[in-house]
2 protein chains.
Amino acid sequence: MEFQRPTLSRRGGDVPWSPIRKLTPLADEARGRGVEVLHLNIGQPDIRTPRPVLDAYRSFDADVLAYSPSLGIPRLRESIAAYYQRCGISVEPRDVAITVGGSEAIFFALSAVCDPGDEILVREPFYANYVAFAAMISAKVVPIPASIDEGFALPSRERISRFIGPRTKALLYISPENPTGIVYDSAELETLRELCRRFGLYLIADEVYREFIYDDHVAFRSVLDLPDLAEHAILIDSVSKRFSSCGARIGSLTTRNRLVMELVDKFAQARLCPPTVGQLAADAAYRMDPSYFEPIRNEYRRRRDLVVESLRRIPGTLFHVPEGAFYLMARLPVTDAEEFARFLLTDFSWKGKTVMLAPGQGFYSTPDRGRDEVRIAYVLECGRLAEAMEILERALDAYNNFTGGAPATRSAARCRA
Amino acid sequence: MEFQRPTLSRRGGDVPWSPIRKLTPLADEARGRGVEVLHLNIGQPDIRTPRPVLDAYRSFDADVLAYSPSLGIPRLRESIAAYYQRCGISVEPRDVAITVGGSEAIFFALSAVCDPGDEILVREPFYANYVAFAAMISAKVVPIPASIDEGFALPSRERISRFIGPRTKALLYISPENPTGIVYDSAELETLRELCRRFGLYLIADEVYREFIYDDHVAFRSVLDLPDLAEHAILIDSVSKRFSSCGARIGSLTTRNRLVMELVDKFAQARLCPPTVGQLAADAAYRMDPSYFEPIRNEYRRRRDLVVESLRRIPGTLFHVPEGAFYLMARLPVTDAEEFARFLLTDFSWKGKTVMLAPGQGFYSTPDRGRDEVRIAYVLECGRLAEAMEILERALDAYNNFTGGAPATRSAARCRA
């Protein structure tokens, strides 16, 4: 009898490794050598999880840890709708589906609108997992290239429309943006809105960093607040960053399009339900007073300012000053930022410490773009963040002395307005 | 300017509604009329969640509710590997990926092995969500029809091989089986094993009901315990039913195939991590003494016996006496079991109570199969279960008097060996 070996799916090959976690084995090795690794690579906030969230876990009181309804506990759907009302966005609880993190919300949105071979347009650089979710359903992220040299400005309507073809189903954007920290301004949102209306595309907006905006002159507007877009708009959200509750795995998908919600309901039934106690914790979080965000915003603003000031002192860097979230993309004075990020973990330490960065290329799908860039997540308190930035500066010196070096041009930061 | 409306995906249309929850709106209406609904439709156990699981939530002690590693907390991967060792299955922690419920484990398994248009063979009737997960990735469940008239016996190797074509990637089975309660015997497992080896197929086994077997003469064997199948075998598991912890949303995918695990790792990274506290709770569960299962098994055995005895008294029923899990499929003396299930919720009550059943057709994809069948989940304590069965008997009388009725033939139960 002849035997055959089983084969793997192509889709599995198409899913990229996370650029955020790619160098994790090297970081483990560094720790094994006794080097402390300061993580600027991952968006895991160090902000304390608010007491009402932790209390929801600690006071869980039921005899049976049962399934919740597939679309979520009604009380949580209500508290999220009420939160949106406070943000000036008018939605009803039935428009809100509770998901397993923002990740599942993105996955459900793409699944509701894409078949195999269909395309989603996303400004590049982008959150790498969008590509992964698209690949898992054999759809494709088509990048709209934006350049660090132009402060990642959204290309014109005409330019974007050239990327729209018969398989294009949606535009996806995130604001405040991971990995650039950009907040979409009203002209950019209008561009997206018009394109979606004109070409019959969905507009999927990831607004998980809504509260994290650091400049008073920057106005935030939700996709659900854009006119004449009820059928097109799908809002992705999550408690992970908002309430420093990444491990709860609670997100939401909100849309006024009833047909999309009907498909989401079917997807949700298939996976039964989101974590039950996590939903109770999320409910407690969304019922907190909005003043909760003020000190946290101030803390992130201090960190943002610290990173920006530090980078300005490093010759040869270029970056857009982030308006929100807790990331920025920076061009470093190196030709291969991934090699430099490896060097940090394998060959460098200062006072027993080193820094882990996310190589920029992982946030681009266009070949060779982002090779000299890194994403920096400012999720450490200022003392450690200052240390990390000093290590970065010293490591660049060492690396460039070691490799022969990049030209020591001035640092350049770009801001809007 | 002309506007276009956005369109929905075909995949969304291909995902079926859950047959378990299909009649939920009618149940809500019945409750609205003051009728108490006894749920035999859903596999939500009423068994108390064990104290160590609840304590893990209540004693969660960290400042930040952080992400866990994507493949799960190492301690939990170790405790699951140790649990398998106790079950006589030799695997290492690195073979175990923690997932968001058994649902995600199935989804990851299918995603690792299927591309759009690929096929998975499953004995019919089957757990309806397998069809949903396949549809979400544009793959297809191909039913291997088994008949209630033959006690759902697995067709012969030759018969099954006729369903295997160039797009067939895997055989999927569940033992003990939802919805029939069947435990695959060694001859059936050998049939599946040989087919997978011969045709290069994966053998995906859902063993979430492993401990729930009620007859001493029934032997259970895990897919990971079958010889020469290391590359083929993928094991799906979950704490939901095992530890009455459905709301934790913790499952696992275990395989010795390193290439499959590598794809699972990528899928896992994309969705970041399973619920953190739920993993601590699952860890506590898997570290309990196996004697935990004994009283629960006894309780389910009593329920199984009660349901079987009750059904035997109802003329015109046919069913296979379940060896495990907590479900059975029963043919009722009606031509349209879904109509009867609706009748129970809309037109019938006895002493202010009625019963909710899962119509059988939802567990078949072959048109018209299962129309006179229902799935019964015996997840109520014996007192309420006896009431439910009495209501079922009385409702059948009322329904058949009302509709003109089915012939009152004898009840027939089939058992193996």
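Rules used in this analysis
Residues numbered from 1 in each chain as written. Chains lettered and ligands numbered in written order. Predicted model: local features only at pLDDT ≥ 70, side-chain atom pairs only at ≥ 80, totals over all residues. Helix = DSSP H or I, 4+ residues; strand = E, 2+ residues; numbered from the N terminus. Rg over C-alpha atoms; globule rule 2.2 N^0.38 Å. Buried ≥ 20, exposed ≤ 12 C-beta atoms within 10 Å, placed from the backbone. Contact = placed C-beta atoms within 7 Å. Least-squares fit on C-alpha atoms with pLDDT ≥ 70 in both. Pairing = 2+ DSSP bridges. Nonpolar A, V, L, I, M, F, W, Y, C, P; charged D, E, K, R; others polar. Axes fitted to C-alpha atoms, helices over the stretch in contact; angles between N-to-C directions. Parallel < 35°, antiparallel > 145°, perpendicular 65-115°, else oblique. Left-handed = near helix turned anticlockwise from the far one by under 90°. Core = buried A, V, L, I, M, F, W, Y, C linked by C-beta atoms within 7 Å. Domains from an automatic or database assignment. pLDDT = per-residue confidence, 0-100. Expected span 1.5 Å × (residues − 1).

Draft legend 1. A look at the overall build of chain A. Scanning chain A from N- to C-terminus turns up 13 helices and 14 strands. In terms of overall dimensions, chain A is globule-like: its C-alpha atoms have a radius of gyration of 22 Å, near the 22 Å expected for 417 residues. Considering only C-alpha atoms, chain A reaches an extent of 70 × 60 × 50 Å along its principal axes. The burial tally for chain A puts 57% of its 417 residues in the buried class. A separation of at least 24 residues holds for 76% of the contacts in chain A among residues at least 6 apart in sequence.

Draft legend 2. Seen up close, the relation of the copies chain B and chain A. With an axial shift of 0.0 Å and an RMSD of 0.0 Å, the rotation relating chain B to chain A amounts to 180 degrees. In short, the pair behaves as if placed about a two-fold rotation axis. Measuring from the rotation axis to each C-alpha of chain B, the shortest distance belongs to R58 of chain B, at 1.9 Å. Most of the interface of chain B is mirrored in chain A, where 100% of its interface residues are also at the interface.

Draft legend 3. Main features of the pairing of strand 2 (residues 96-99) of chain A. Residue and element names in this part refer to chain A. Burial of the side chains of strand 2 extends over both faces: V96 and I98 are buried on one face and A97 and T99 on the other. Two elements, strand 2 and strand 8 (residues 251-254), share 4 bridges in a ladder whose sense is antiparallel. Following the sheet pairing, A97 is matched in strand 8 by L253.

Draft legend 4. How the structure looks around the sheet that holds strand 9 (residues 318-320) of chain A. All names here are of chain A. Ordered by their spatial adjacency, 5 strands build an open sheet running 12-13-10-9-14, and the pairing between neighbours is mixed. Every interior strand has two partners, whereas the edge strands, strand 12 (358-359) and strand 14 (412-414), have only one. Relative to strand 13 (residues 373-377), strand 10 (residues 327-331) is paired through 5 bridges, and the arrangement is antiparallel. Looking at the pairing, R331 lines up with E373 of strand 13.

Draft legend 5. Helix 6 (residues 129-136) of chain A, seen in detail. Residue and element names in this part refer to chain A. Across the 8 residues of helix 6, 8 count as buried, placing the element largely inside the fold. Listed in full, the buried residues belonging to helix 6 are N129, Y130, V131, A132, F133, A134, A135 and M136. Positive backbone phi, approximately 60 degrees, marks S138, located one or two places after helix 6.

Draft legend 6. Representation of the interface of chain B and chain A within the structure. Listed by partner, the interface residues are 73 residues for chain B and 73 residues for chain A. Elements supplying a minimum of two residues to the side of chain B that touches chain A: helix 1 (10-14), helix 3 (51-58), helix 5 (101-113), helix 6 (129-136), helix 8 (186-199), helix 9 (258-270) and helix 10 (276-286) of chain B. Per-element tally for the side of chain B that touches chain A: the top contributor is helix 9 of chain B, with 7 residues. Residue classes in the side of chain B that touches chain A are distributed as 37 nonpolar, 20 polar and 16 charged.

Draft legend 7. Summary view of the packing of helix 5 of chain B against helix 9 of chain B. Residue and element names in this part refer to chain B. The contact between helix 5 and helix 9 brings their axes to 9 Å, and the two run at 120 degrees. Relative to helix 9, the element helix 5 lies oblique. Considering the relative orientation of helix 5 and helix 9, their crossing is right-handed. Contact residues: helix 5 offers F108, S111 and A112, while helix 9 offers V260, L263, V264 and F267.

Draft legend 8. Layout of the nonpolar core. Of all hydrophobic cores here, the largest spans 282 residues; its most connected members are A109, L110 and L203 of chain A together with A109, L110 and L203 of chain B. Apart from residues lying up to four places away in sequence, A109 of chain B is in contact with I204, I234, I236 and L253 of chain B.

Draft legend 9. Structural context of the domain arrangement of chain A. Residues and elements named next belong to chain A. When the domains of chain A are assigned, the result is domain 1 (15-47 + 293-403) and domain 2 (51-289). The straight-line distance from the C-alpha centre of domain 1 to that of domain 2 is 26 Å. At the level of secondary structure, the elements contributing two or more residues to the side of domain 1 that touches domain 2 comprise helix 11 (293-312), strand 9, strand 10 and strand 13. Ranked by residues supplied to the side of domain 1 that touches domain 2, first place goes to helix 11 with 5 residues. Class assignment for the residues of the side of domain 1 that touches domain 2 results in 16 nonpolar, 10 polar and 8 charged.

Draft legend 10. The arrangement of the environment of N257 of chain A in detail. Residues and elements named next belong to chain A. Within the element layout of this structure, N257 appears in the loop between strand 8 and helix 9 (258-270). Overall, the presence of 22 C-beta atoms within 10 Å leaves N257 in the buried class. Each C-alpha atom, one on N257 and one on P19, is 34 Å from the other, the two residues being 238 residues apart in sequence. For N257, the residues in contact, after removing those within four places along its chain, are A230 and E231.

Draft legend 11. A look at the environment of P166 of chain B. All names here are of chain B. Position of P166 relative to the elements: it lies in the loop between helix 7 (157-161) and strand 5 (168-174). The exposure class assigned to P166 is exposed, which follows from the 7 C-beta atoms found within 10 Å. In this structure, the C-alpha to C-alpha distance between P166 and F199, residues 33 residues apart in sequence, is 9.5 Å.

Draft legend 12. Quick peek at the sheet that holds strand 9 (residues 318-320) of chain B. Read across the sheet, 5 strands follow the order 12-13-10-9-14 (chain B) without closing on themselves; strand pairing throughout is mixed. Since the sheet does not close on itself, it has two edges, and those belong to strand 12 (358-359) and strand 14 (412-414) of chain B, each with one partner.

Draft legend 13. Fine view of the confidence of the model for chain A. Scored by pLDDT, chain A has a mean of 95; 98% of the residues are at 70 or more. As scored by the predictor, the complex reaches a pTM of 0.95 and an ipTM of 0.95.

Draft legend 14. The arrangement of helix 9 of chain B in detail. In a regular helix each residue adds 1.5 Å, so 13 residues correspond to 18 Å; helix 9 of chain B covers 19 Å between its end C-alpha atoms and thus fits that length. If you check which residues of helix 9 of chain B are buried, you get V260, M261, L263, V264, K266, F267, A268, Q269 and A270 of chain B.

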